[in-house]
Amino acid sequence: MVQRLRVRYAKRGRLRFTSHRDITRAVERAVRRADIPVAYSAGFSPHPKISYAGAAPTGVASEAEYLEIGVSRACDPLSLRAELDTSLPSGLDVLDVVEARSGSLADRLEGSMWEVRLPGVEPDAAAKAVEQFLSSERVEVERLTKKGIRRFDARGAVGSLTVGNDMGGAVGAPVMIDDLRTAGQELGPPCVILRMVVRHEIPAVRPDDVLMGLRLVAGFAPPSPPEVTRLAQGPLDAMTGEPTDPFEPDRA
Amino acid sequence: MSVESLFPRLEPLLPKVQKPIQYVGGELNSTVKDWDDATVRWALMYPDAYEVGLPNQGVQILYEILNELPGTLAERTYAVWPDMEALMRAAGVPQFTVDGHRPVRAFDVFGISFSTELGYTNLLTALDLAGIPLVAAARTDDDPLVLAGGHAAFNPEPIADFLDAAVLGDGEQIAIAISEVIREWKSEGSPGGRDEVLLRLAATGGVYVPKFYDVEYLPDGRIKRVVPNRAGVPTRVFKHTVMDLDEWPYPKKPLVPLAETVHERFSVEIFRGCTRGCRFCQAGMITRPVRERSITTIGDMVAAGLKESGFNEVGLLSLSSADHSEIGDIAKGLADRYEGGNVSLSLPSTRVDAFNIDLANEFSRNGRRSGLTFAPEGGSERMRKVINKMVTEEDLIRTVRTAYGQGWRQVKLYFMCGLPTEEDVDVLGIADLAKKVIKAGREETGSRDVRCTVSIGGFVPKPHTPFQWAAQCDHETVDRRLRQLRDALRSDKEFGRAIGFRYHDGKPSIVEGLLSRGDRRVGAVIRAVWEDGGRFDGWSEHFSYDRWMKAAADSGLDVDWYTTRERDEHEVLPWDHLDAGLDREWLWQDWQAAIGDEDEIEDCRWTPCYDCGVCPTMGTEIQIGPTGRKLLPLTVV
């Protein structure tokens, strides 16, 4: 392996229903189709050196997924970006590629900003639930994991949680920045949009855990499934508390 | 009239189901053609879950061929799991295609490929979800033609009531021909409705339309005769045979799914047909004669398929892949080409001899030597003679000795239980064989690190084989023999731990037997099972033997009569009017040879014709190499 390349990619539209395993297979095949000189592990059954950091759950879209590819021949990040993007199915879209300079990418991914679209929800009800959630010190939720039902706090990891609507307007909360709107998503009927910054802790708190928290504290139950998108993940800015570009140290 | 995508209505259901990606489509190399530009539209179904259906070669081939045809489009649909079925019913979402998410009922043809009879209940689910009447007679001009193909379609009688038509044999050319008939009929303004187009299809002699045939029964329940009930319908319907596979190099662009499927590889059929003459093997009987794809076409297909798909495994498919006349050069040529890369090659169907080990060695150049699979099928020498699978114990031991000696660590052996004339001792012979295999392996390697797995399932007599007259073994006997075999393997202190044992119990085989050799009266049972919730009968967690037996009893149908009863020579079999080219007399003589004491029949590829009748009846002939050509290294771009 002569070089490591870090890739930011998006999981959009219908492709949000891919599982992490589906994505790893799709990436491996795309790498082969694109003739990218991926390095392989040594040993009995060699594996391509591709590692993934913090994959979004099945059913959740993302504008900020990250993987790292080890290559056996130096590659230009810009051409690799184009080749990999062409080779991946539409909906798995490569957004950025940098050469790794130092450190672990996974360590830089301190938190995520999530957008949760809730079609058919009353803005006032959402605002009230959010207020109650934020004013709680702890919100114990349950999630079914492979090891059975697990109880944990969904409040502590939440840095911010705001309510907006489809037009970018805010309901009792700071105004949303319109250009952060999920790319590639079609405009649906008007709906409430939650936006949250969640720190990556153990156990991981996911947007659906926060939604369960809202349900527990305020009986808040959206009528149809939420559409969740990860907008960003990276080191959390000390001032704003929001994720910043994790590739910054590699760009120097 | 344009047809809207159902996806907006389907999407809210997806977060609530297992593995939602299977319903989303968008596979690499999939096609969504413009609805209004096509006049003939096919919905192709493999009647099992997406993970099983997507890799199916038959569906992929027809999908590609039909989509290449101007004015024709084809989309795919699969059986939805019960969680999705419940949500679709609640939300009123009909059966959809995964390509354009279009409702199946909007298509002209709904084609279903049956590799196994256990997909019949899934057909009913799909029809019902699609809003298509289950019974063909109740359909209107707004419903598609429901058309079955695949190996099970060689006896479609149990589902005859639910089908408008069935085709036998290779689908490539007949799918195009059917499209042409439909196009012409539609261009004339669809005169005479669906009966007219079905009549035109039937008149070609290559499409079976069940409702144009009446089945008459004798007082004792046997079939008296099957006769056309209107003019212009042939008394016999023949199978289709594609000659020259080099002219049909499909799939060119393999579908690459996002979801995980049962076969994650690019498969190339290296030949069709098999003339080894194994008497139990329906595939070997109905796909004759042998037609090889040439070494150069195979090489081109592998190169293009890998490039198009990004798969890192290639499967060379056929009914007995080591029998290709140039398999040695194919194996060496491909292994040379992909040496040092990360492409692995596999040869799924193999025979027991040392040559096969050489091939396996070539194929494992890039990887590890983990397991080799052989199929002696019968546990004793006598049994193997009955089924005409001539592998001697000596051959087998010599072969596995070579395999273990060359670094292979695991040998899998496939067998059947319940074969005609079988006794307990024949099945127990498998235990002795497995022990000898381990013993040979230990001697050869000087190590105890060798394993052998015995896989065994119940034998089901199939139509169009010499065993079509045989009594199927009852499930009590099969299960007893399997228990005896298991105990014999487990109780052995010296070898027991080195031998794995996998088996399928006897009950599902009885249902498969009922559906395989059933007649039109079995349709009522299929429907009753489905109405009682029967789905996915090929999956042990969904299959219910009791449900089938109850439905049969309620319909007044005697399952034993269909399964464990031996037929005599002159009984009219439900599929006798469907012609696979096999001479009935030859099949009968071969059946008599099996239960008598006659010599084996050899493969007609290398020995004189043994008169099965296929070539003269179908106007076909064996097509084999060698071509003398070799695979050249791929040029580096």
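Rules used throughout
- Residues numbered from 1 in each chain as written.
- Chains lettered and ligands numbered in written order.
- Predicted model: local features only at pLDDT ≥ 70, side-chain atom pairs only at ≥ 80, totals over all residues.
- Heavy atoms only, no water.
- Contact = heavy atoms within 4.5 Å.
- Buried area = accessible area lost by both parts, 1.4 Å probe.
- Salt bridge = Lys/Arg side-chain N within 4 Å of Asp/Glu carboxyl O.
- Phe/Tyr/Trp six-rings, centres within 6.5 Å; stacked < 30°, edge-to-face > 60°.
- Helix = DSSP H or I, 4+ residues; strand = E, 2+ residues; numbered from the N terminus.
- Buried < 20%, exposed > 50% of the residue type's maximum accessible area, 1.4 Å probe, protein only.
- Domains from an automatic or database assignment.
- Polar contact = N/O pair within 3.5 Å; in protein donor to acceptor, adjacent residues only side chain to side chain.
- Pairing = 2+ DSSP bridges.
- Axes fitted to C-alpha atoms, helices over the stretch in contact; angles between N-to-C directions.
- Patch = residues over 30% accessible without salt bridge, like charges linked within 9 Å, V, L, I, M, F, W, Y side chains within 5 Å.
- Areas by Shrake-Rupley, 256 points an atom, 1.4 Å probe, with all protein chains shown as cover.
- Lys, Arg positive; Asp, Glu negative; His and termini not counted.
- Charge placed at Lys NZ, Arg CZ, Asp CG, Glu CD.
- Left-handed = near helix turned anticlockwise from the far one by under 90°.
- Right-handed = clockwise from strand over helix to strand, strands pointing away.
- Core = buried A, V, L, I, M, F, W, Y, C linked by side-chain atoms within 4.5 Å.
- Arc of directions from axis to C-beta.

## Looking at the interface of chain A and chain B
Next up, step 1: Every contact between the two is made by 20 residues of chain A and, on the other side, 25 residues of chain B.
Next up, step 2: In this assembly, chain A packs against chain B so that about 2000 Å² is buried in total across both faces, 58% of it on carbon and sulfur atoms.
Next up, step 3: Of all residues in chain A, the largest losses of buried area upon contact with chain B belong to Arg14(A), Phe17(A) and Arg29(A), amounting jointly to 33% of the total for that side.
Next up, step 4: Here chain A is connected to chain B by 5 salt bridges.
Next up, step 5: Glu260(B) is the salt-bridge partner of Arg21(A), the closest N and O atoms lying 2.7 Å from each other.

## Quick look at the packing of aromatic side chains
Next up, step 1: Taken as a whole and assessed by the stated rule, the structure comprises 16 aromatic pairs over all chains.
Next up, step 2: When the ring of Tyr66(A) is compared with that of Phe247(A), the centres are 5.3 Å apart and the planes differ by 85°; the resulting orientation is edge-to-face. One end of the pair, Tyr66(A), is in strand β3 (residues 61–71); the other, Phe247(A), is in the loop between β10 (227–234) and α6 (248–251), and 181 residues separate them in sequence. Of the two residues, Tyr66(A) and Phe247(A), both sit in the buried class.
Next up, step 3: Residues Tyr208(B) and Tyr213(B) carry aromatic rings whose centres are separated by 5.1 Å and whose planes lie at 50° to one another, so their mutual orientation is tilted. You'll find Tyr208(B) and Tyr213(B) in the same group, each marked buried.

## Notes on the domain arrangement of chain A
Residue and element names in this part refer to chain A.
Next up, step 1: Assigned domains within chain A: domain 1 (3–100) and domain 2 (111–234).
Next up, step 2: Counting residues at the interface gives 15 residues for domain 1 and 11 residues for domain 2.
Next up, step 3: Buried area between domain 1 and domain 2, both sides added, is near 940 Å², and the carbon and sulfur share of it is 52%.
Next up, step 4: Of all residues in domain 1, the largest losses of buried area upon contact with domain 2 belong to Pro57, Ala61 and Glu63, amounting jointly to 38% of the total for that side.
Next up, step 5: Summed over the shared surface of domain 1 and domain 2, the result is 1 salt bridge.

## Observations concerning the side chain of Ser320(B)
Next up, step 1: Relative to the helices and strands, Ser320(B) is located in the loop between β12 (313–317) and α10 (327–337).
Next up, step 2: A distance of 2.7 Å separates polar atoms of two side chains, one belonging to Ser320(B) and the other to Asp323(B).

## Let's talk about the sheet that holds strand β1 (residues 40–49) of chain B
All names here are of chain B.
Next up, step 1: Across the sheet, 5 strands lie side by side as β2-β1-β3-β4-β5; this open sheet has parallel pairing. The open sheet has two edge strands, β2 (72–79) and β5 (165–166), and neither has a second partner.
Next up, step 2: The pairing of β1 with strand β3 (residues 109–113) spans 4 bridges and is classified as parallel. Note on β3: the bridge partner recorded for leucine 44 is glycine 111.
Next up, step 3: Contacting β1, β2, β3 and β4 (145–149), helix α5 (residues 120–130) runs over the sheet at an angle of about 135° to β1.

## Observations regarding a negative patch on the surface
Residues and elements named next belong to chain B.
Next up, step 1: A surface patch of like charges, here negative, comprises Glu598, Asp599, Glu600 and Glu602.
Next up, step 2: Position of glutamate 602 relative to the elements: it lies in the loop between α20 (584–595) and α21 (614–618).
Next up, step 3: Residue classification places glutamate 602 among the partly exposed residues on the basis of a relative accessible area of 46%.

## Concerning the pattern of salt bridges
Next up, step 1: Under the counting rule described, the total for this entry stands at 75 salt bridges over all chains.
Next up, step 2: Taking the shortest distance from any N to any O, the salt bridge between Glu269(B) and Arg272(B) comes out at 2.9 Å.
Next up, step 3: Among the residues examined, Glu269(B) registers a relative accessible area of 16% and is labelled buried.
Next up, step 4: Arg272(B) gets classed as buried once you look at its relative accessible area, which sits at 10%.
Next up, step 5: Across the salt bridge formed by Arg480(B) and Asp424(B), the nearest N and O atoms sit 2.9 Å from each other. Linking Arg480(B) in helix α15 (residues 475–490) with Asp424(B) in helix α14 (residues 424–445), this pair joins segments that are 56 residues apart in sequence.
Next up, step 6: With a relative accessible area of 32%, Arg480(B) lands in the partly exposed category.
Next up, step 7: Residues joined in a network through salt bridges with shared partners are Arg21(A), Asp22(A), Arg25(A), Arg29(A), Glu260(B) and Glu264(B).

## Let's talk about the packing of helix α13 (residues 393–405) of chain B against α14(B)
Residues and elements named next belong to chain B.
Next up, step 1: Remark: α13 packs on α14, axes separated minimally by 9 Å, with the N-to-C direction vectors making an angle of 40°. Between α13 and α14 lies a crossing whose hand is right-handed. Contact with α13, carried on its side by Glu393, Leu396, Ile397, Val400, Arg401, Tyr404 and Gly405, involves Leu433, Lys436, Val437, Ile438, Ala440, Gly441, Glu443, Glu444 and Thr445 of α14 and no other residues of that element.

## What to know about the pairing of strand β15 (residues 410–417) of chain B
Residue and element names in this part refer to chain B.
Next up, step 1: With 5 bridges joining them, strand β14 (residues 371–377) and β15 adopt parallel strand pairing. Residue threonine 373 lies in a different strand from β15, and its bridge partner there is lysine 412.
Next up, step 2: Sheet analysis places β15 next to strand β16 (residues 451–458), joined by 8 bridges and oriented parallel. By the bridge assignment, glutamine 410 is partnered in β16 with arginine 451.
Next up, step 3: Once the chain exits β15 it traverses α14 before rejoining the sheet at β16, and the crossover so formed is right-handed.

## Description of the nonpolar core
Residues and elements named next belong to chain B.
Next up, step 1: Grouped together as the largest cluster of nonpolar side chains are 160 residues, with contacts concentrated most on Trp42 and Phe110.
Next up, step 2: With sequence-adjacent residues up to four places away left out, phenylalanine 110 is seen in contact with Ala43, Met45, Thr77, Val104, Ala126, Leu127, Ile132, Pro144, Leu145, Val146 and Leu147.
Next up, step 3: Counting 37 residues, the second-largest nonpolar core is a separate cluster that includes Val352, Val427, Ile430 and Ile456.

## A look at the sheet that holds β14(B)
Residue and element names in this part refer to chain B.
Next up, step 1: Taken together, the 4 strands give an open sheet; going across it, the order is β14-β15-β16-β17, and neighbouring strands pair in parallel fashion. Each of the sheet's edge strands pairs with one partner strand only, and the pair in question is β14 and β17 (499–503). Recorded for the sheet is a direction-independent mean angle of 20° between the axes of neighbouring strands.
Next up, step 2: Packing of α15 onto the sheet brings it into contact with β15, β16 and β17, and relative to β17 it is tilted by some 165°.

## Some points on the environment of Gly310(B)
Next up, step 1: Assignment of secondary structure puts Gly310(B) in the loop between α9 (295–309) and β12.
Next up, step 2: Here the alpha-carbon distance between Gly310(B) and Val256(B), two residues 54 residues apart in the chain, equals 8.4 Å.
Next up, step 3: Beyond its immediate sequence surroundings of up to four residues, Gly310(B) is in contact with Arg29(A), Arg32(A), Arg33(A) and Gly305(B).

## Details of the side chain of Ser455(B)
All names here are of chain B.
Next up, step 1: By the secondary structure assignment, serine 455 is in strand β16.
Next up, step 2: The exposure class assigned to serine 455 is buried, which follows from its relative accessible area of 13%.
Next up, step 3: Leave out the neighbours within four places in its chain, and serine 455 touches Leu413, Tyr414, Phe415 and Arg502.

## Structural notes on the pairing of β3(B)
Along any regular strand, the residues point their side chains to alternate faces of the sheet.
Residue and element names in this part refer to chain B.
Next up, step 1: Of all 5 residues in β3, 5 are buried; the element is thus mostly enclosed.
Next up, step 2: Residues Val109, Gly111 and Ser113 point to one face of β3 and Phe110 and Ile112 to the other, with burial holding for every one of them.
Next up, step 3: Strand direction decides the pairing type here: β3 and β4, joined by 5 bridges, are parallel. Pairing of valine 109 across the sheet is with leucine 145, part of β4.

## Notes on the environment of Pro251(B)
Residue and element names in this part refer to chain B.
Next up, step 1: One can find proline 251 in the loop between β8 (237–238) and β9 (266–269).
Next up, step 2: Sequence separation of proline 251 and arginine 222 is 29 residues, and the distance between their C-alpha atoms is 43 Å.
Next up, step 3: Excluding its chain neighbours within four sequence positions, the residues that come into contact with proline 251 are Gln57, Gln60, Ile61, Glu64, Phe266 and Met301.

## Structural notes on helix α18 (residues 545–554) of chain B
Residue and element names in this part refer to chain B.
Next up, step 1: Among all positions in α18, only Tyr545, Arg547, Trp548, Ala551 and Ala552 are buried. For α18, the arc enclosing every buried residue in end-on projection is 165°, short of the 170-degree limit, so these residues lie on one face. The outward face of α18, more than 90 degrees from its buried face, is lined by the exposed residues Asp546, Lys550, Ala553 and Asp554.
Next up, step 2: Against α5, α15, α16 (506–516), α17 (523–531) and α19 (559–563) lie the buried residues of α18.
Next up, step 3: Glycine 556 lies just past α18 and shows a positive phi near 70°.

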